[in-house]
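The chain contents come next:
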2 protein chains.
Amino acid sequence: MYKVYGMSLSGNCHKIRMVLDHLAQPYEWIETDIGQGASRTPEFLSRNPVGKVPVLELPDGRYLSESNAIIQYLANGSPLWPSDRFEQADTLKWMFFEQNRHEPSVAEARYIKLFLPADSPRLKELPGKHKTGNEAFSVMEQRLLESDFLVTSRCNVADIALFAYTHVAEEGGFDMSGYPAIAGWIERILELPGFTRMVAQHGL
Amino acid sequence: MYKVYGMSLSGNCHKIRMVLDHLAQPYEWIETDIGQGASRTPEFLSRNPVGKVPVLELPDGRYLSESNAIIQYLANGSPLWPSDRFEQADTLKWMFFEQNRHEPSVAEARYIKLFLPADSPRLKELPGKHKTGNEAFSVMEQRLLESDFLVTSRCNVADIALFAYTHVAEEGGFDMSGYPAIAGWIERILELPGFTRMVAQHGL
């Protein structure tokens, strides 16, 4: 059985849960509170030298890190990963876009708003994060005005990668009212088996 | 024939050149100076709505963006892309690490040092970029002390993705003398056919 070292309040970790639940794969979730240093212990660093969650432990004991690499691994061979060579690369295009442009803005804004004290000096980063995050949302909105999902007409791992922090963007102070196509896409994803909102939206 | 819209001074663009040259694929390089706004024209945005280089144009007219997605596409079916499912995901792990942790530190530091005026307010970002960049180099060094290349004993697209900005890190003010395993890896990559240093290192 797979083991997932993850933090339930993290969108990157929520991606793993969504794919495993959607594919009805059994797994053990090991809650790992990075705020308490649980990802910086020598034992954890032997699993992922970067010291970050999520980490997937395979039944044979091998480890895999980086959320989008993990969901690509889990999806490979299922309808969540396309078989066409160009569609595979186009799926990865959105996933790299997510890690390079979307996550550093959208996830970071949420982190600053939700997890840092109200007098944190990092609060001054929020306007910049909102600017670059809205640029990312505009690119997604433009695509979703012409297609039900990001790569093809069906949901795949690129949608899951971008759903994770987009569906809780308001928690980072984003006004999502100007993105109706993104709103429709979020609803379409939530209608599919195993895909759920992140607990943080209810819990905080 | 492939067309590549790229800027020769960009490490992300240099990745594409390396893979095409290594695989002896003919291509047309269309120099695109993002500093002069060439990636923000309506025509360019129709190729890549994100407004960034590189962009690959396929012989059939389709476009692909995000450097690591492009090199995955080009490498697929060649020895630069592994056939094993876990090795594929492990390759992507390093490529996501590159776009999320390495490039925002190492490439950005080089951009600030090489391309911005000496009185730019962004110069104050350099110490932070050097700290996170050195964290990324430490992870690479640890891996390269035990393996000739990042994923397996042979070079693949993950090595190319991380080589691009690592081999010109000094241009961003990094002291690389503490990373002997990285230095050896750079030399091993440069011994392979078609793999070259970026012109910027000579031209600036």
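Remember, it's a predicted structure, so these values are computed and weren't measured experimentally. (Residues numbered from 1 in each chain as written. Chains lettered and ligands numbered in written order. Predicted model: local features only at pLDDT ≥ 70, side-chain atom pairs only at ≥ 80, totals over all residues. Heavy atoms only, no water.)

(A) Structural context of the overall build of chain A. Per the secondary structure count, chain A includes eight helices and four strands. In terms of C-alpha radius of gyration, chain A reaches 17 Å, essentially the compact-globule figure of 17 Å for 204 residues. With respect to the principal axes defined by its C-alpha atoms, chain A has extents near 50 × 45 × 30 Å. A total of 204 residues make up chain A; the buried ones form 56% of that total. In chain A, the proportion of contacts linking residues at least 24 apart, taken out of those at least 6 apart, comes to 69%. If you sum the accessible surface of chain A, you get close to 8500 Å²; carbon and sulfur atoms cover 51% of it. (Helix = DSSP H or I, 4+ residues; strand = E, 2+ residues; numbered from the N terminus. Rg over C-alpha atoms; globule rule 2.2 N^0.38 Å. Buried < 20%, exposed > 50% of the residue type's maximum accessible area, 1.4 Å probe, protein only. Contact = heavy atoms within 4.5 Å. Areas by Shrake-Rupley, 256 points an atom, 1.4 Å probe, with all protein chains shown as cover.)

(B) Broad picture of helix α1 (residues 11-22) of chain A. Residues and elements named next belong to chain A. Taking 1.5 Å per residue as the helical rise, α1 with its 12 residues ought to reach 16 Å, and the 16 Å between its terminal C-alpha atoms agrees with that figure. Within α1, the full set of buried residues consists of Gly11, Asn12, Cys13, His14, Lys15, Ile16, Met18, Val19 and Leu20. Of the surrounding elements, those touching the buried residues of α1 are β1 (2-6), β2 (27-31), α3 (67-75), α4 (85-115), α6 (157-166) and α7 (180-190). Near the N-terminus of α1, the side chain that reaches the backbone nitrogen of Asn12, with its oxygen 3.2 Å away, is that of Ser10. Just past α1, the residue Ala24 takes up positive phi, approximately 55°. (Expected span 1.5 Å × (residues − 1). Polar contact = N/O pair within 3.5 Å; in protein donor to acceptor, adjacent residues only side chain to side chain.)

(C) Spotlight on the sheet that holds β2(A). Residue and element names in this part refer to chain A. Read across the sheet, four strands follow the order β2-β1-β3-β4 without closing on themselves; strand pairing throughout is mixed. A single partner strand is all that each edge strand has here, and the edge strands are β2 and β4 (63-65). Going across the sheet, the axis of each strand differs from the next one's by a mean of 20°, ignoring polarity. The pairing of β1 with strand β3 (residues 55-57) spans three bridges and is classified as antiparallel. Bridge pairing in β3 places Val4 opposite Leu56. Along the sheet, α1 contacts β1 and β2; its crossing angle with β2, the most-contacted strand, is approximately 165°. On top of the sheet, α3 reaches β1, β3 and β4; it is set at about 125° to β4, its chief contact. (Pairing = 2+ DSSP bridges. Axes fitted to C-alpha atoms, helices over the stretch in contact; angles between N-to-C directions.)

(D) Summary view of the interface of chain A and chain B. Taken together, the contact between chain A and chain B spans 33 residues of the former and 33 residues of the latter. The largest per-residue losses of area from chain A upon contact with chain B belong to Arg85(A), Phe86(A) and Phe96(A), which jointly make up 24% of the total buried on that side. Residue Arg101(B) is joined to Glu66(A) by a salt bridge in which the shortest nitrogen-to-oxygen separation is 3.8 Å. Counting only elements with at least two residues in the side of chain A that touches chain B, the list comes to β4, α3, α4 and α5 (126-144) of chain A. (Buried area = accessible area lost by both parts, 1.4 Å probe. Salt bridge = Lys/Arg side-chain N within 4 Å of Asp/Glu carboxyl O.)

(E) Highlighting the layout of surface pockets. One number sums up the size of the second largest pocket: a volume of about 490 Å³. Arg47(A), Pro49(A), Lys93(B), Arg143(B) and Glu146(B) are, among the 21 residues lining the second largest pocket, the residues nearest its centre. Among the secondary structure elements, those contributing two or more residues to the lining of the second largest pocket are α2 (42-47) and β4 of chain A together with α4 (85-115) and α5 (126-144) of chain B. Per-element accounting of the lining of the second largest pocket gives the leading share, five residues, to α4(B). Of the residues assigned to the lining of the second largest pocket, the class counts are 10 nonpolar, four polar and seven charged. (1 Å grid on protein atoms, 1.4 Å probe; cavity = no way out; pocket = protein on both sides within 12 Å on 5 of 7 lines; lining within 4 Å. Points joined across faces, edges and corners; volume = space filled by probe spheres on them. Nonpolar A, V, L, I, M, F, W, Y, C, P; charged D, E, K, R; others polar.)

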